[in-house]
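Commentary on secondary and tertiary structure
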Amino acid sequence: MKKIQIINGPNLNLLGKREPAVYGNTAFEGYLDELRKIYPQCEISYFQSNLEGELINKIHETGFGYDGLILNAGAYTHTSLALHDAIKAVTSPVVEVHISNVHAREPFRHVSLISAACKGVILGFGLDSYRLAVEALLAPEIDN
Ligand code: DQA
């Protein structure tokens, strides 16, 4: 059974309520149930925190044993060198995801401090970005 950890950062606990025009009307927990049904061959764990250090702790905790991490770091994407270093420190591949197309938004969202440390980036496909990230982690090329 492949083990995948999804980590959501600040304000993503409010999905479904927060800026629905940008992030949609679906709460993450409902989406996660659907995702788990699509991938019965995977054990998909989920963690959300609004605190940078807790995100780093979760990366450390899961980043040496899991087959892959899917990280939506929220606004810390654009600010956190510490998250970049945490991703670099672990051995599991990390896929950066964003629900919105950050490049079509404000200029301060165009820079990611974590992309260079990640295996790859998926963004702009709404919540489906997470499913695409699971696909990426299951693809054989991930072993490269
Ligand atoms: C986000 C994009 C970030 O710029 C923003 O701060 C978020 C959500 C996204 O999933 O589109 O909180 O990561």
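A quick note: this is a predicted structure, and the numbers were derived from the prediction, not measured.

**A closer look at helix H4 (residues 81–89)**
Looking only at H4, the buried set comprises Leu83, His84, Ala86 and Ile87. Seen end-on, H4 carries its buried residues on one side only, within an arc spanning 165°. Exposed and facing more than 90 degrees away from the buried side of H4 are Leu81 and Lys88. Packing partners of the buried residues in H4 comprise helix H3 (52–62), strand E3 (68–72) and strand E4 (94–98).

**Things to note about the site of the ligand**
Taken together, Arg18, Tyr23, Asn72, Gly74, Ala75, His78, His98, Ile99, Ser100, Val102 and Arg109 are the residues near the ligand. The contact in question runs from an oxygen atom of the ligand to an N or O atom on the side chain of serine 100, over 2.6 Å. For the ligand, whose free accessible area comes to 320 Å², the fraction covered by protein is 99%. Assessed atom by atom at 2 Å from the grid points, the ligand resides in the largest pocket.

About the cut-offs
- Residues numbered from 1 in each chain as written.
- Predicted model: local features only at pLDDT ≥ 70, side-chain atom pairs only at ≥ 80, totals over all residues.
- Heavy atoms only, no water.
- Buried < 20%, exposed > 50% of the residue type's maximum accessible area, 1.4 Å probe, protein only.
- Helix = DSSP H or I, 4+ residues; strand = E, 2+ residues; numbered from the N terminus.
- Arc of directions from axis to C-beta.
- Contact = heavy atoms within 4.5 Å.
- Near = heavy atom within 4 Å.
- Polar contact = N/O pair within 3.5 Å; in protein donor to acceptor, adjacent residues only side chain to side chain.
- Areas by Shrake-Rupley, 256 points an atom, 1.4 Å probe, with all protein chains shown as cover.
- 1 Å grid on protein atoms, 1.4 Å probe; cavity = no way out; pocket = protein on both sides within 12 Å on 5 of 7 lines; lining within 4 Å.
- Sits in = over half its atoms within 2 Å of the grid points.

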